[in-house]
Each structure stands twice: as C-alpha cells, then as structure tokens.
Amino acid sequence: MATRHTLGVAASTLALAASCLAGALPASASTPATFPASVSIAAAPSTSALPTDAEIQEAKKSKDSTNAMIARIEASLASSRAELQRVETEAAEAQESLLSAGEERDQRTAEAEKAVKQLDYAKTYLAQSRKDLGAIASDIYRNGAGTSTLGLLLDDNKEGDLFYKAATIDALSEQQVQSVNTASEAEALVSAWQEYADAAQSAAEDAAANYDSAAATANSTLNTYESAVEPEKKLRNELIGHLATLQQKEEAEVRKAVEKKEAQEQEAALEEAIATEDTTEVPEEKPAAIKPLAVAEPQELEPTESDDEPTIKPKAVELETLTPTAVPKPPKAEPTKTAEPKPEPTKTAEPKPEPTKTAEPKPTKTAEPKPTPKPEPKPTKTAEPKPTKTAEPKPTPKPEPKPTKTAEPKPTPTPTPKPTPKPEPTKTAEPQPEPDTGRSYSAAIAWALKTADDPSKYYVYGGNGPNAFDCSSFSQRAFGQSGISLPRTSTQQFFSAPQYVSLSNLRPGDLVFSSSNGGSSFYHVAIYIGNGNVVHARNPSVGISVTPLSWVNNLYSKAARY
C-alpha cells in the first residue's frame, strides 16, 4: 500500500476535485471558523484520463489501437502520480510555513510582553530618580548651597577636620551630580523602551496576522491532499486493470511492472540529484529564521532584592566577548613555540660528530709510539702475527662511527614525526562529526527505527509527539536521543547544520532534505540509515516508515551532518 501510494498518486484528484469544487468536503476536513473560508483547491485531472469500458473494447480490435490505448493509460498513470506528489508537496510546504509563522508569532509576542514589562520598570526607575532629585532640591531650598557649605566648614566637632569636611562636601556634590545623571538616564530609558515596545507590539500583530493566513493555507492544502488520496488509489487501480485487459496479463503482474518502471524513474531522479551535487553551493551566510526588530533593544532593568523598599535599577551587562578572544590566542602561540624547539635537535645533532673527531686522534697518538720502537725490527719474523692481533683491537675507533651513524638518524626522525601528528588532529577536529560517527547517531537511529515499527506512532502535520510526529519533529526527537539538539523546522535543521556533504558521501546519521525551490527553503527531512535507505515521517497516508532514498521527492543534492 505504501509503495503504491508513493509511486503514484494524483489522478485521484479527478473524482476528488469535482467534489472539492462542488464544496462537498467531508465534515472532518472543514476549515475552522478562525480561518478564512476562501481557499484555493488544486485543479483535478481531466475525466478523459480514465477510458470507458467501451473505449477499452474498441481498442482491443486492432494492435495499433491497443498500443495507443496502453500509451494513453500509462500517461494517465504518470499524470496521476505527478499530481498527487504536487498536492502533497503543497501541503508539506504550507505546514512548514505554518510552523515558521508560529515560531515567529510566539517570539514576537514574547518580545512585546517583555517590552511592556521593561517599560513599566523604566517608568518606575524614572519616578525613583525624580524623587531623589526632589529631595536634593528641597535641601538646597531650605539651607541654600552656600550656607550649607559654609556651615559644614565652620562646624567644630570631635570627628571633623578641615580636610575631612572638604571631602564630605565633594562627596555630596558628586552624589547630586549622580542623581541628576540617573534622572537623565531614566528619562532616556523610558523613551527608548516606549519606542521598542511600540515596534514590538506592531511586529507581534503582524506576526499573528501572518500566522492566521498561513494556517488558512495549510488547512486548505491539507484538505486538498487528504481528499485526493483515496480517489487517486481507486483511479490507479482501474487504470492498471485496463492495462491488464489490454495486455492480456494478470493484474498483479502488470502492477508489479508499473511499480518497477516508476522505481526506475525515481532512481534516475536520484542520480540526477547526485550529478548536480558538485555545482550546488550552500549559501555561506545562512538565512536567519526570524529577523530582529528594526529598533535595537535598550538596556534592561531589574528589581533589586533587598529587605527595604524594592527599587529598580539597570541590569548589569556581562562582557562575555573578552573570554572567547582570549581562548584562541594560546593555541595559536603554542604551535609557534613548539615549532621553535624543533630545529634545536638538529643543532644538538651537529656536536655529536665532533666527539668522533676527538676520539680519532686519541687512538692515533697512542698507537704511533708503541709500534715505532719494537715492531720495526720484529715485523719480519714474529711481529707479523702480533700486529695482526693488535691491529684487530685497534679498529675500536671504527665501531665508534657506527654509533655515530645510528645516532644521526635518530634525531632526524624524531623531530619530523612530531610536527606531522600535531597538524593532523587540528584538521580532523574542525569537522567535529568524526568522533561522533556511529556512536552518537546510533541512539538516534535506534529510536527512529523502533518508532517506525510501532503502530501506535503516526504522522500528523505539526505533531510534536510523543505519539504523533511530522517529519521535522521526528528527526528532532530522534537526534535528541543522542544528545544532539535540532531546531524545529526542516529549513532550520538544514541551515543550522555545521557541515554539508554530497549525496554520494552519505553515512548513517546524515539528514537529507526535500526542496521545491532549489534550496531556498525545505519542506521535508529524512534520516539516512545506510544501504541506500532512510527513515522518516512521510505523510498522513503512510505514516512513519523506512524507504529507499530515491523515494524522497525533490531530493536536494546536499545533506546536513551534525
């Protein structure tokens, strides 16, 4: 059933579109009241796609008419399959857009709520500042600036000298200046948060309207797709039955031949995608899921935690940018330092041949005086065997160069292998998936296969589990079993990947995607499990299953590797 549905489905729109256009949608597929009632319904194939029994009998009268009718039926099957894939793609794209619109709506709503709260904080902060300024103004009004200053200077008490009083006056004036600055800052924060709150609330309203529109489209395309499935299956069965009659074969045999031909077409589409992988370039700048507001967010405020009357103050800004800049510096300096001592062993190797030079004169000096007095008269008779014996131990300097030769190659190989292993781990550490191969993905794949075999798990557009999933929530939940966090939508899962690979270099755990616009966005994702197969939440008709990679329609020529 799953194979037949995937390999061909669309002519069902034939009978279906007629009922859709007439408004005879089932009650379960009706559009909710919150969505617009005006929806575009996919056009159905012409009723001429299905020949009548009379036409079939007429076609059997001659070989040419039989072949012509067979060609017509095969074209109808191809059209049916393409049409159902089209409405299925439209439904999946609309659901993907709905997910993105829902995320934007939630984010914009949260931003607007935060802005309103921060605006209240800013107003409270301004009220506090004005209160402090009022107290200072009252003090100046009551005492006068000059009188209070003079009084402090002339006051005679036990704890004050002139320098202490002068410092006190300076401190008081600095406090007054700080109070004025705080009030000015508070006024600026109120103005900034008011502007930001207006922008955030406007963006939230637009996002809510966009979500309602996306929901209406998603509901429409889903109704069209679901309504097309059963009629298409019926039309497909009738077309195959007519083929069996014309070819005078069993229906099962004809069905198998049709499915084989369609499978070959899907394999050809896969080969075409692989052939274009070298020319496909993933954009270096990944598109942001949700663009930031046009107005920059002002400095946040927060209430103080104290036993006294609660107050509001600006939130301290954490400077986290200093730490990442300091971290990469040591690794850069380390290789340079390690590279410097590497030539040093070559210098230490040079003095090693020097002792060989000093060792050579020593045996020559000792050997020369000994043979000169005695060996000259005796060499003719008895000294001949003696020098041969004594000459044999004298080649002791000859074994000495042997260790020098062995010592020379030892320093040379040791410095050379040391630099080679060091750059290799740095190169392999950049991709970062290698340490996780098999091990990290094994839990994800095991969960995905177990879920595909569980009849209680099924496909629902926008489903988030634990029993109902769509394609991206299925891959997200699967990768979570391996401790890998994925975004929610298929498009985000592609553009958030740290690495991209070609379809010819797939390995288990890679994610493959469907796109109808050349990779600007994606509407389906599947998990590659090896041997040319994927596991994915496919659609409401066939649910969650394992299929050949070629069954992924509109397959993009690059895969994502986490």
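Residues numbered from 1 in each chain as written. Predicted model: local features only at pLDDT ≥ 70, side-chain atom pairs only at ≥ 80, totals over all residues. Heavy atoms only, no water.

### Describing the overall build of the protein
So, point 1. Looking only at helices and strands, the protein has 18 helices and ten strands in total.
So, point 2. Within the protein, the proportion of its 562 residues that are buried is 35%.
So, point 3. Element-wise, carbon and sulfur atoms account for 56% of the exposed surface of the protein, whose accessible area totals about 32,800 Å². (Helix = DSSP H or I, 4+ residues; strand = E, 2+ residues; numbered from the N terminus. Buried < 20%, exposed > 50% of the residue type's maximum accessible area, 1.4 Å probe, protein only. Areas by Shrake-Rupley, 256 points an atom, 1.4 Å probe, with all protein chains shown as cover.)

### Points about unusual backbone geometry
So, point 1. In this chain, glycine 465 is followed by proline 466 through a cis amide linkage whose omega measures 5°.
So, point 2. Position of proline 466 relative to the elements: it lies in the loop between strand E3 (458-459) and strand E4 (468-469).
So, point 3. For glutamine 248, which is not glycine, the phi dihedral falls at a positive 55°.
So, point 4. Along the chain, glutamine 248 turns up in the loop between helix H6 (162-247) and helix H7 (251-275).
So, point 5. Of the residues examined, glutamine 248 reaches a relative accessible area of 71% and is grouped as exposed.
So, point 6. Unusually for a residue other than glycine, asparagine 554 sits at a positive phi of about 50°.
So, point 7. Within the secondary structure, asparagine 554 sits in the loop between strand E9 (543-548) and strand E10 (558-561).

### Quick word on the UniProt feature "coiled-coil region" (unreviewed entry) in the protein
So, point 1. Residues annotated in UniProt with the feature "coiled-coil region" (unreviewed entry) correspond here to residues 70-104.
So, point 2. The span residues 70-104 is 100% helix and 0% strand, and its two end C-alpha atoms sit 51 Å from each other. (UniProt positions renumbered as here; feature names shortened; annotations may be inferred.)

### Description of the side chain of serine 557
So, point 1. With respect to the secondary-structure elements, serine 557 resides in the loop between E9 and E10.
So, point 2. In this structure serine 557 comes out as buried when scored by relative accessible area, which is 5%.
So, point 3. In terms of polar contacts, serine 557 uses its side chain to reach the side chain of threonine 280, at 2.6 Å. (Polar contact = N/O pair within 3.5 Å; in protein donor to acceptor, adjacent residues only side chain to side chain.)

### Digging into the nonpolar core
So, point 1. Within the largest apolar cluster, 37 residues are counted, with the highest numbers of intra-cluster contacts made by Phe474, Phe479, Leu511, Ile527 and Tyr562.
So, point 2. Those elements giving two or more residues to this core turn out to be helix H4 (63-143), H6, helix H16 (439-452), helix H17 (471-480), helix H18 (490-495), strand E6 (511-514), strand E7 (524-530) and strand E8 (533-539).
So, point 3. Sort the elements by how many residues they give to this core and H16 lands first, with six residues.
So, point 4. Those residues in contact with phenylalanine 479 that sit more than four places away from it in its chain are Tyr441, Ala444, Ile484, Leu486, Gly509, Leu511, Ile527 and Tyr562. (Core = buried A, V, L, I, M, F, W, Y, C linked by side-chain atoms within 4.5 Å. Contact = heavy atoms within 4.5 Å.)

### Side note on the packing of aromatic side chains
Each aromatic ring pair is summarised here by two numbers: the centre-to-centre distance and the angle between the ring planes.
So, point 1. Following the criterion strictly, the structure yields 15 aromatic pairs and no others.
So, point 2. Here the aromatic rings of phenylalanine 494 and tyrosine 556 are separated by 5.5 Å at their centres, their planes lie at 85°, and the arrangement is edge-to-face. Separated by 62 residues along the polypeptide, phenylalanine 494 in helix H18 and tyrosine 556 in the loop between E9 and E10 bring together distant segments of the chain. Summarising the burial analysis for this pair, phenylalanine 494 and tyrosine 556 share the class buried.
So, point 3. A centroid spacing of 5.1 Å and a plane angle of 75° characterise the contact between phenylalanine 522 and tyrosine 556, whose relative ring orientation is edge-to-face. Here the residue phenylalanine 522 occupies a position in the loop between E6 and E7, and tyrosine 556 occupies one in the loop between E9 and E10, the gap between them amounting to 34 residues. Across the pair, exposure class does not vary: phenylalanine 522 and tyrosine 556 are buried alike.
So, point 4. Pairwise contacts between aromatic rings join Phe494, Phe495, Tyr500, Phe513, Phe522 and Tyr556 into one cluster.
So, point 5. The cationic tip of arginine 105 hangs over the ring face of tyrosine 211; the distance from NZ or CZ to the ring centre is 4.0 Å. (Phe/Tyr/Trp six-rings, centres within 6.5 Å; stacked < 30°, edge-to-face > 60°. Lys NZ or Arg CZ within 6 Å of the ring centre and 35° of its normal.)

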